[in-house]
Amino acid sequence: MPARQQLPELVCPAGSLPALKAAVDNGADTVYFGLKNDTNARNFAGLNFDDHTARVGIRYARDRGRQVLLAINTYAQGGDTALWRRAVDQAADLGVDAVILADIGLLDYASRRHPGLRLHLSVQGSATSHEAIRLMHEQFGIRRAVLPRVLTLEQVRQVIAHSPVEIEVFGFGSLCVMAEGRCLLSSYATGESPNGHGVCSPAKFVEWRNTPDGLDARLAGILIDRYDHDQPAGYPTLCKGRFDVQGDTYYALEEPTSLNVLAVLPQLLAIGVSAIKVEGRQRSPAYVAQVTRALRQALDAAGRDGERYRPSPEWQQALSRVAEGCQQTLGAYDRPWK
């Protein structure tokens, strides 16, 4: 019998304490969370952690042998960096296993102020080459980099082969047509940058209008989509809206779909990926439980079965039920046209 492969960490989202517990209970190796402020790229009302719930969540995970990461993954605002620095200090005080940072100034601050704090380079840092990752390692001592979702499997392999740190990739969740959240569309419409204010579509700009033609979804007054009265309505983001283009109405920029790597798990294991990440801190505990459980089973099977591994229809169905638009893709990992 072939030796069992070393499995990547399964890193799962926690937008709330119930979601954190759902991730831990369903097989996550590591959970990541954010604070209730603009340092968090998923700064939705009613979600995220204050100091008390963070400590409760960390204790829950640690008691079960799991790791906890804190995402401080927006960019500090010029002339007002205190909030972001306090968040780094809070991460050190909480004793998280690592902090996920994008801002170079914060990486510098964290590495000097808290030299014992493990640093991960966020996907928001947009490091797509081993040279960029090596620079972050040499300058700030990062121990892991999360790759943007724009690289093929071969490109990921090349990065891993030449990088001095662990490499984490995304395995399931929403995709973005922009450079990992640096959305000019949202900031143009609302005046608030997703990287500075934590969400693509801030709730204060979202409006739903019942009309004779259906339910209109608007962002800052801009009509993004219209749903039939009996049709499920998604949260409005500009890139995934339907627009009238020369008389045709369709998803002009991007269709709602979710990345799903079940089909290429053996390849990800073979090239030495250190961690596989699930997107979705804005999603429900039920979503977290369902995705974590499916990926846990798939990862264990890929490690156990090697070349005989095949994704189970049951796993695919579970992920399809929570995928955006009920559609799934391998994204940039698979480019047959190249």
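Each remark here, short or long, concerns the structure printed above.
Notes on the structure in this doc start here. Chains are numbered independently. Their residues run from 1 in the order of the written sequence. Side-chain atom pairs in this predicted model are given and counted only at pLDDT of 80 or more, local residue features only at pLDDT of at least 70, and totals for whole chains, interfaces and linings cover all residues. To get the side-chain values, all heavy atoms of the structure are used, and hydrogens and water are removed first.

## What about the overall build of the chain?
The criterion, for reference: Helix and strand definitions follow DSSP, with helices as H or I runs of at least four residues and strands as E runs of at least two, each counted in order from the N terminus. Using C-alpha atoms as the atom set, the radius of gyration is obtained and then compared with a globule rule of 2.2 Å times the number of residues to the power 0.38. Any two residues whose heavy atoms approach within 4.5 Å are treated as being in contact. In this count, Lys and Arg are taken as positive residues and Asp and Glu as negative ones, while His and the chain termini are left out. A charge is said to be at NZ when it belongs to Lys, at CZ for Arg, at CG for Asp and at CD for Glu.
Counting its regular elements, the chain contains 11 helices and 15 strands. For 338 residues, the compact-globule formula gives about 20 Å, and the C-alpha radius of gyration of the chain, at 20 Å, lands near that figure. In the chain, 63% of the contacts between residues at least 6 apart in sequence involve partners at least 24 apart. Positive and negative charge centroids in the chain, built from 37 and 37 side chains respectively, lie 5 Å apart.

## Some details on the layout of surface pockets
This is how the line gets drawn: Using protein atoms alone on a 1 Å grid, points that fit a 1.4 Å probe yet trap it form a cavity, whereas open point sets bounded by protein on both sides within 12 Å along at least five of seven lines form a pocket; residues with an atom within 4 Å of a point count as lining. Grid points are joined across faces, edges and corners, and a volume is the space filled by probe spheres set on the points. Residue type decides the class: Asp, Glu, Lys and Arg count as charged, Ala, Val, Leu, Ile, Met, Phe, Trp, Tyr, Cys and Pro as nonpolar, and the leftover types, Gly among them, as polar.
Taken as a whole, the second largest pocket encloses approximately 190 Å³ of empty space. Around the second largest pocket, the lining is made up of 11 residues, and of these Asn43, Ala45, Val199, Pro202 and Ala203 lie nearest the centre. Its residues assigned to classes, the lining of the second largest pocket comprises 6 nonpolar, 2 polar and 3 charged.

## Digging into the nonpolar core
Counted only if it meets this: Note on terminology: a nonpolar core comprises buried Ala, Val, Leu, Ile, Met, Phe, Trp, Tyr and Cys residues joined through side-chain atoms within 4.5 Å. For the exposure calls, accessible area comes from a 1.4 Å probe over protein chains only, and a residue counts as buried if that area is under 20% of its type's maximum, exposed if over 50%, partly exposed in between.
Phe33, Ile72, Leu265 and Leu268 are the most contacted members of the largest nonpolar core, which has 86 residues in total. Top contributing element to this core by residue count: helix H10 (residues 285–305), with 10 residues.

## As for the pattern of salt bridges
Cut-off, in case you're wondering: Just to be clear on terms, a salt bridge is a Lys or Arg side-chain nitrogen sitting within 4 Å of an Asp or Glu carboxyl oxygen.
Under the defined criterion, the tally for this structure stands at 20 salt bridges. Between Glu279 and Arg42 there is a salt bridge, with the nearest N and O atoms lying 3.0 Å from each other. Placement of Glu279 in the loop between strand S14 (275–278) and H10 and of Arg42 in the loop between strand S2 (30–33) and helix H2 (51–63) is noted, with a sequence separation of 237 residues between them. Arg42 gets classed as partly exposed once you look at its relative accessible area, which sits at 23%. The network of salt bridges with shared partners includes Glu9, Arg118, Arg144, Glu166, Glu168 and Lys277.

## Side note on H10
The α-helix winds at 3.6 residues per turn, so residues separated by three or four positions along the chain end up facing the same way. Just so we agree on the cut-off: By this rule the span expected of a helix is its residue count minus one, scaled by 1.5 Å.
Spanning 21 residues, H10 covers 30 Å between terminal C-alpha atoms, matching the ideal 30 Å at 1.5 Å per step. Counting buried positions along H10 gives 15 out of 21 residues, so the element sits mostly inside the fold. Remark: Gly306 follows H10 within two positions and exhibits a positive phi of approximately 55 degrees.

## Some details on the environment of Ala294
Residue position: Ala294 is located in helix H10. You can call Ala294 buried: its relative accessible area is 4%. Here the alpha-carbon distance between Ala294 and His52, two residues 242 residues apart in the chain, equals 30 Å.

## Thoughts on the side chain of Ser174
Note that Ser174 resides in strand S7 (residues 166–174). Excluding residues within four positions of it along the chain, Ser174 makes contact with Arg149, Lys240, Thr257, Ser258, Glu279, Gln282 and Glu324.

## With respect to unusual backbone geometry
Although it is not a glycine, Asn48 adopts a positive phi angle of roughly 80 degrees. Unusually for a residue other than glycine, Ser126 sits at a positive phi of about 55 degrees. Within the secondary structure, Ser126 sits in the loop between strand S5 (119–121) and helix H5 (130–140).

## Description of the environment of Arg64
In this structure, Arg64 sits in the loop between H2 and strand S3 (67–72). A relative accessible area of 40% places Arg64 in the partly exposed class. The spatial distance from the C-alpha of Arg64 to the C-alpha of Asp25 is 8.9 Å, given a sequence separation of 39 residues.

## Re the sheet that holds strand S9 (residues 214–219)
Condition: At least two bridges found by DSSP between two strands is the condition for calling them paired. Fitted lines through C-alpha atoms give the axes, limited to the stretch in contact for helices. The angle between two N-to-C directions lies from 0 to 180 degrees.
Within the open sheet, the 3 strands sit side by side as S8-S9-S10. Their pairing is antiparallel. The open sheet terminates on both sides in strands that have one partner only, identified here as strand S8 (206–211) and strand S10 (222–227). Strand-to-strand, the axes of this sheet are offset by a mean angle of 25 degrees, without reference to chain direction.

## Focus on helix H1 (residues 17–25)
Three or more residues of H1 are buried, namely Leu17, Ala19, Leu20, Ala22, Ala23 and Val24. On the buried face of H1, the contacting elements are strand S1 (9–13), S2, H2 and H10. Where H1 terminates, the next one or two residues include Gly27, which has phi positive at roughly 115 degrees.

By themselves, these observations are geometric and do not establish any function.
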